[in-house]
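# Tertiary structure, described
Residues per chain are reported as follows:
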Amino acid sequence: MTQSRYTGTARGLHWLMAVFILLTIPAGLIMVQPGLDRSLQNGLFIYHKNIGVLLLILIVVRLVWRLRNPPPAKPSSLSPIQARIAEFTHIAMYALLFLVPIAGYVRVKAGGFPIESLDALSIPSLVPRSEALAEIAKTVHYGAGLLLIALIAMHIGAALFHGVVKQDGVFSRMWPPVGGGTR
Ligand code: HEM
Ligand code: HEM
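Below is a short write-up of the structure. From a predicted model like this one, the values you see are computed outputs, not experimental measurements. All residue numbers refer to position in the chain's written sequence, counted from 1. The lettering of chains begins at A and the numbering of ligands begins at 1, in the order of writing. Local features are withheld for residues below a pLDDT of 70 in this predicted model, meaning they are given only at 70 or higher, and side-chain atom pairs are given and counted only at 80 or more; totals for whole chains, interfaces and linings count all residues. Computation of side-chain values covers all heavy atoms of the structure but excludes hydrogens and water.

## Considering the overall build of the protein
Helix numbering and strand numbering both begin at the N terminus, where a helix is a DSSP run of H or I of at least 4 residues and a strand a DSSP run of E of at least 2. Of the regular secondary structure elements, the protein holds five helices and zero strands. Element order for the protein, N to C, with α for helix and β for strand: α-α-α-α-α. Over its C-alpha atoms, taken along the principal directions, the protein stretches across nearly 55 × 35 × 25 Å. The cut-offs for exposure are 20% and 50% of the maximum accessible area for each residue type, with area from a 1.4 Å probe on protein chains only; residues under the lower value are buried, those over the upper are exposed, and the others partly exposed. Burial statistics for the protein: of 183 residues in total, 33% are counted as buried.

In C-alpha coordinates form, the structure reads like this:
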(Lines give C-alpha, C1' and ligand atoms only; values in the text may rest on other atoms or scores of the structure.)
(Ligands and ions follow the chains in the order given, each with its own letter.)
Protein backbone atom coordinates (compact mmCIF):
# COMPACT_ATOMS: atom_id res chain seq x y z
CA MET A 1 0.00 0.00 0.00
CA THR A 2 1.30 3.52 -0.80
CA GLN A 3 2.09 5.57 2.29
CA SER A 4 -0.38 8.50 2.46
CA ARG A 5 0.56 10.12 5.77
CA TYR A 6 3.79 11.69 7.06
CA THR A 7 5.61 9.41 9.50
CA GLY A 8 5.23 9.89 13.27
CA THR A 9 8.71 11.49 13.44
CA ALA A 10 7.88 13.99 10.68
CA ARG A 11 4.53 14.87 12.30
CA GLY A 12 6.05 15.10 15.79
CA LEU A 13 8.82 17.45 14.61
CA HIS A 14 6.37 19.52 12.51
CA TRP A 15 3.97 20.18 15.40
CA LEU A 16 6.66 20.64 18.06
CA MET A 17 8.31 23.29 15.89
CA ALA A 18 4.96 24.86 14.94
CA VAL A 19 4.13 25.40 18.65
CA PHE A 20 7.54 26.93 19.42
CA ILE A 21 7.44 29.15 16.31
CA LEU A 22 3.95 30.41 17.05
CA LEU A 23 5.11 31.25 20.61
CA THR A 24 8.37 32.88 19.45
CA ILE A 25 7.09 35.22 16.72
CA PRO A 26 4.71 37.26 18.95
CA ALA A 27 7.49 37.60 21.56
CA GLY A 28 9.86 38.91 18.83
CA LEU A 29 7.29 41.42 17.57
CA ILE A 30 6.24 42.66 21.05
CA MET A 31 9.71 42.97 22.60
CA VAL A 32 10.87 45.57 20.04
CA GLN A 33 7.92 47.91 20.69
CA PRO A 34 8.99 51.29 22.12
CA GLY A 35 7.88 52.18 25.65
CA LEU A 36 7.54 48.57 26.79
CA ASP A 37 8.03 47.89 30.52
CA ARG A 38 11.76 47.19 30.98
CA SER A 39 11.48 43.93 32.94
CA LEU A 40 8.83 42.54 30.54
CA GLN A 41 11.10 43.47 27.62
CA ASN A 42 14.09 41.73 29.22
CA GLY A 43 12.02 38.61 29.92
CA LEU A 44 10.74 38.50 26.33
CA PHE A 45 14.27 38.94 24.93
CA ILE A 46 15.61 36.06 27.06
CA TYR A 47 12.63 33.90 26.09
CA HIS A 48 12.84 34.76 22.36
CA LYS A 49 16.60 34.25 22.02
CA ASN A 50 16.67 30.92 23.83
CA ILE A 51 13.58 29.40 22.17
CA GLY A 52 15.14 30.65 18.91
CA VAL A 53 18.33 28.67 19.59
CA LEU A 54 16.23 25.59 20.37
CA LEU A 55 14.43 26.09 17.03
CA LEU A 56 17.77 26.32 15.23
CA ILE A 57 18.81 22.96 16.71
CA LEU A 58 15.42 21.45 15.83
CA ILE A 59 15.51 22.66 12.21
CA VAL A 60 18.95 21.09 11.70
CA VAL A 61 17.66 17.77 13.10
CA ARG A 62 14.52 18.07 10.97
CA LEU A 63 16.35 18.90 7.74
CA VAL A 64 18.86 16.06 8.17
CA TRP A 65 16.02 13.66 8.95
CA ARG A 66 13.88 14.95 6.05
CA LEU A 67 16.71 14.53 3.51
CA ARG A 68 17.01 10.88 4.50
CA ASN A 69 13.24 10.24 4.67
CA PRO A 70 11.27 11.38 1.60
CA PRO A 71 7.68 12.53 2.27
CA PRO A 72 4.62 10.56 1.09
CA ALA A 73 3.60 11.19 -2.54
CA LYS A 74 1.33 14.19 -3.02
CA PRO A 75 -2.39 13.23 -3.09
CA SER A 76 -3.94 13.00 -6.57
CA SER A 77 -6.67 15.47 -5.50
CA LEU A 78 -4.06 18.26 -5.82
CA SER A 79 -3.64 19.85 -9.26
CA PRO A 80 -0.02 19.97 -10.52
CA ILE A 81 0.08 23.75 -9.95
CA GLN A 82 -1.19 23.39 -6.35
CA ALA A 83 1.40 20.69 -5.72
CA ARG A 84 4.16 22.98 -7.11
CA ILE A 85 3.03 25.92 -4.95
CA ALA A 86 2.93 23.68 -1.83
CA GLU A 87 6.39 22.32 -2.59
CA PHE A 88 7.84 25.78 -3.20
CA THR A 89 6.27 27.11 0.05
CA HIS A 90 7.66 24.18 2.06
CA ILE A 91 11.19 24.62 0.66
CA ALA A 92 11.06 28.38 1.27
CA MET A 93 9.88 27.82 4.87
CA TYR A 94 12.72 25.33 5.52
CA ALA A 95 15.27 27.81 4.12
CA LEU A 96 13.90 30.69 6.21
CA LEU A 97 13.61 28.54 9.35
CA PHE A 98 17.36 28.07 8.98
CA LEU A 99 18.28 31.63 7.97
CA VAL A 100 16.15 33.57 10.51
CA PRO A 101 17.60 32.04 13.72
CA ILE A 102 21.16 32.13 12.32
CA ALA A 103 20.73 35.86 11.57
CA GLY A 104 19.31 36.27 15.11
CA TYR A 105 22.34 34.52 16.57
CA VAL A 106 24.77 36.69 14.56
CA ARG A 107 22.86 39.87 15.43
CA VAL A 108 23.12 39.12 19.16
CA LYS A 109 26.68 37.79 19.31
CA ALA A 110 28.22 40.35 16.92
CA GLY A 111 26.42 43.02 18.97
CA GLY A 112 28.09 41.73 22.16
CA PHE A 113 24.88 40.58 23.91
CA PRO A 114 24.33 37.36 25.87
CA ILE A 115 22.49 34.17 24.82
CA GLU A 116 21.83 32.80 28.28
CA SER A 117 21.44 29.08 27.44
CA LEU A 118 24.62 28.92 25.32
CA ASP A 119 26.60 31.11 27.73
CA ALA A 120 25.63 28.82 30.64
CA LEU A 121 27.09 25.91 28.66
CA SER A 122 30.28 27.99 28.07
CA ILE A 123 29.78 27.81 24.27
CA PRO A 124 31.99 30.55 22.81
CA SER A 125 30.72 33.08 20.25
CA LEU A 126 31.17 31.86 16.67
CA VAL A 127 31.22 35.40 15.26
CA PRO A 128 33.49 38.37 16.02
CA ARG A 129 32.23 41.52 17.77
CA SER A 130 31.25 43.95 14.99
CA GLU A 131 28.56 46.64 14.97
CA ALA A 132 28.44 46.59 11.14
CA LEU A 133 27.87 42.81 11.07
CA ALA A 134 25.27 43.12 13.84
CA GLU A 135 23.36 45.73 11.79
CA ILE A 136 23.37 43.57 8.63
CA ALA A 137 22.21 40.54 10.62
CA LYS A 138 19.47 42.65 12.24
CA THR A 139 18.16 43.68 8.80
CA VAL A 140 18.28 40.07 7.53
CA HIS A 141 16.55 38.78 10.69
CA TYR A 142 13.83 41.39 10.28
CA GLY A 143 13.25 40.97 6.51
CA ALA A 144 13.50 37.19 6.44
CA GLY A 145 11.38 37.02 9.63
CA LEU A 146 8.56 38.99 7.97
CA LEU A 147 8.73 36.79 4.86
CA LEU A 148 8.56 33.68 7.06
CA ILE A 149 5.49 35.08 8.87
CA ALA A 150 3.77 35.70 5.49
CA LEU A 151 4.54 32.15 4.27
CA ILE A 152 3.37 30.59 7.54
CA ALA A 153 0.10 32.56 7.30
CA MET A 154 -0.38 31.31 3.72
CA HIS A 155 0.53 27.77 4.76
CA ILE A 156 -1.91 27.70 7.71
CA GLY A 157 -4.64 29.20 5.50
CA ALA A 158 -4.09 26.49 2.87
CA ALA A 159 -3.97 23.71 5.50
CA LEU A 160 -7.24 24.87 7.08
CA PHE A 161 -8.85 25.22 3.65
CA HIS A 162 -7.97 21.60 2.88
CA GLY A 163 -8.98 20.40 6.36
CA VAL A 164 -12.22 22.32 6.87
CA VAL A 165 -13.57 23.24 3.42
CA LYS A 166 -12.29 20.61 0.97
CA GLN A 167 -11.86 17.76 3.46
CA ASP A 168 -9.72 15.98 0.85
CA GLY A 169 -7.34 14.20 3.27
CA VAL A 170 -4.42 16.65 2.88
CA PHE A 171 -4.76 17.83 6.49
CA SER A 172 -4.70 14.30 7.93
CA ARG A 173 -1.34 13.71 6.18
CA MET A 174 0.15 15.87 8.97
CA TRP A 175 -2.40 15.08 11.71
CA PRO A 176 -2.44 13.81 14.47
CA PRO A 177 0.94 15.04 15.83
CA VAL A 178 1.65 11.65 17.44
CA GLY A 179 0.21 8.16 16.95
CA GLY A 180 -2.22 7.40 14.15
CA GLY A 181 0.02 4.86 12.42
CA THR A 182 3.03 5.15 10.06
CA ARG A 183 6.32 5.22 11.95
C1 HEM B 1 12.82 30.68 13.98
C2 HEM B 1 13.35 31.46 14.89
C3 HEM B 1 13.08 32.94 15.02
C4 HEM B 1 12.04 33.70 14.55
C5 HEM B 1 10.83 33.24 13.72
C6 HEM B 1 12.28 35.07 14.96
C7 HEM B 1 11.47 36.15 14.67
C8 HEM B 1 11.67 37.45 15.11
C9 HEM B 1 10.80 38.57 14.83
C10 HEM B 1 9.50 38.47 14.01
C11 HEM B 1 11.34 39.66 15.42
C12 HEM B 1 10.76 41.09 15.40
C13 HEM B 1 11.19 41.85 14.21
C14 HEM B 1 12.53 42.55 14.38
O15 HEM B 1 12.56 43.64 14.92
O16 HEM B 1 13.55 41.98 13.96
C17 HEM B 1 12.57 39.27 16.05
C18 HEM B 1 13.43 40.12 16.74
C19 HEM B 1 14.60 39.71 17.34
N20 HEM B 1 15.10 38.42 17.39
FE21 HEM B 1 14.28 36.79 16.54
N22 HEM B 1 13.47 35.12 15.65
C23 HEM B 1 13.97 33.84 15.72
C24 HEM B 1 15.15 33.45 16.33
C25 HEM B 1 16.02 34.28 17.00
C26 HEM B 1 17.28 33.87 17.59
C27 HEM B 1 17.88 32.46 17.54
C28 HEM B 1 17.83 34.98 18.15
C29 HEM B 1 19.13 35.13 18.90
C30 HEM B 1 19.73 34.19 19.55
C31 HEM B 1 16.92 36.09 17.92
C32 HEM B 1 17.13 37.38 18.34
C33 HEM B 1 16.31 38.45 18.07
C34 HEM B 1 16.60 39.82 18.47
C35 HEM B 1 17.83 40.30 19.25
C36 HEM B 1 15.54 40.62 18.01
C37 HEM B 1 15.37 42.13 18.14
C38 HEM B 1 15.95 42.74 16.89
C39 HEM B 1 16.49 44.09 17.18
O40 HEM B 1 15.73 45.05 17.12
O41 HEM B 1 17.68 44.16 17.46
N42 HEM B 1 15.84 35.63 17.21
N43 HEM B 1 12.75 37.91 15.84
C1 HEM C 1 3.65 27.52 12.48
C2 HEM C 1 4.58 27.15 11.73
C3 HEM C 1 4.53 26.07 10.68
C4 HEM C 1 5.57 25.78 9.88
C5 HEM C 1 6.93 26.47 9.85
C6 HEM C 1 5.18 24.66 9.02
C7 HEM C 1 5.99 24.08 8.08
C8 HEM C 1 5.65 23.00 7.30
C9 HEM C 1 6.52 22.35 6.34
C10 HEM C 1 7.97 22.78 6.05
C11 HEM C 1 5.84 21.32 5.78
C12 HEM C 1 6.37 20.36 4.70
C13 HEM C 1 6.76 19.07 5.36
C14 HEM C 1 7.67 18.26 4.45
O15 HEM C 1 7.26 17.87 3.35
O16 HEM C 1 8.81 18.04 4.86
C17 HEM C 1 4.51 21.32 6.36
C18 HEM C 1 3.50 20.44 6.04
C19 HEM C 1 2.21 20.55 6.50
N20 HEM C 1 1.73 21.46 7.44
FE21 HEM C 1 2.80 22.88 8.38
N22 HEM C 1 3.88 24.32 9.31
C23 HEM C 1 3.45 25.16 10.33
C24 HEM C 1 2.19 25.14 10.91
C25 HEM C 1 1.12 24.40 10.47
C26 HEM C 1 -0.23 24.50 10.97
C27 HEM C 1 -0.69 25.44 12.11
C28 HEM C 1 -0.99 23.64 10.25
C29 HEM C 1 -2.47 23.38 10.32
C30 HEM C 1 -3.37 24.28 10.58
C31 HEM C 1 -0.10 22.95 9.32
C32 HEM C 1 -0.46 21.95 8.44
C33 HEM C 1 0.37 21.24 7.59
C34 HEM C 1 -0.06 20.16 6.73
C35 HEM C 1 -1.47 19.61 6.58
C36 HEM C 1 1.10 19.72 6.04
C37 HEM C 1 1.20 18.58 4.99
C38 HEM C 1 1.04 19.16 3.62
C39 HEM C 1 1.22 18.08 2.57
O40 HEM C 1 0.29 17.35 2.34
O41 HEM C 1 2.32 17.95 2.02
N42 HEM C 1 1.18 23.45 9.47
N43 HEM C 1 4.42 22.36 7.28
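After presenting the structure, the write-up continues.
## Structural notes on the site of ligand 1
By convention in this text, a residue qualifies as near a molecule or strand provided that one of its non-hydrogen atoms is within 4 Å of it. The full set close to ligand 1 counts 23 residues, and G28, M31, H48, R107 and H141 are the nearest of them. A distance of 2.8 Å separates a nitrogen atom of ligand 1 from a polar atom in the side chain of H48. N or O atoms within 3.5 Å of each other form a polar contact, as long as, within protein, one can give a hydrogen and the other can take it, and as long as residues adjacent in sequence are counted only when both atoms are side-chain atoms. Within the side chain of H141, a nitrogen or oxygen atom sits 2.7 Å from a nitrogen atom of ligand 1. Elements with a minimum of two residues in the shell around ligand 1: helix 1 (8-31), helix 2 (38-68), helix 3 (80-110) and helix 5 (131-166). Side-chain classes follow a simple rule in which Ala, Val, Leu, Ile, Met, Phe, Trp, Tyr, Cys and Pro form the nonpolar group, Asp, Glu, Lys and Arg form the charged group, and the remainder, Gly included, forms the polar group. Along the lines of polarity and charge, the residues of the shell around ligand 1 split into 15 nonpolar, five polar and three charged.

## Quick look at the environment of K49
For K49, the position within the fold is in helix 2. For K49, a relative accessible area of 13% corresponds to the buried category. For the pair K49 and I115, spaced 66 residues apart in sequence, the C-alpha to C-alpha distance is 6.5 Å. Throughout, a contact is declared for two residues whenever any of their heavy atoms are within 4.5 Å. In this structure K49 touches V108, P114 and E116, once residues within four positions along its chain are discounted.

## Some words on the coordination of the iron atom of ligand 2
Distances decide who is a donor: an N, O or S atom must be within 2.8 Å of the metal, or within 3.2 Å for Na, K and Ca. Water is not included, so sites may look incomplete. Distances from the iron atom of ligand 2 to its protein donors, namely H14 (NE2) and H155 (NE2), fall within the range 2.0 Å. Considering all six donor atoms around the iron atom of ligand 2, the spread of angles at the metal, 88 to 180°, places the coordination shape in the octahedral class. Here the residue H14 occupies a position in helix 1, and H155 occupies one in helix 5, the gap between them amounting to 141 residues. Four donors are marked tetrahedral only if all angles between them lie between 85 and 135 degrees, whereas four are marked square planar and six octahedral if opposite donors are more than 155 degrees apart and the other angles lie between 65 and 115; the remainder are marked irregular.

## Here's the deal with the nonpolar core
As used here, the term nonpolar core means buried Ala, Val, Leu, Ile, Met, Phe, Trp, Tyr and Cys residues forming a set that is joined through side-chain atoms within 4.5 Å. Membership of the largest hydrophobic core comes to 19 residues, with the highest contact counts inside it found for M17, I21, L55, I59, L96, L97 and L148. When contributions to this core are tallied by element, the ones reaching two or more residues are helix 1, helix 2, helix 3 and helix 5. Among the elements that make up this core, the one with the highest residue count is helix 3 (six residues). Contacts of L96, omitting those with residues within four sequence positions, involve P101, A144, L147, L148 and L151. Counting residues in hydrophobic clusters, the runner-up holds ten residues, among them V53, Y105, V108 and A134.

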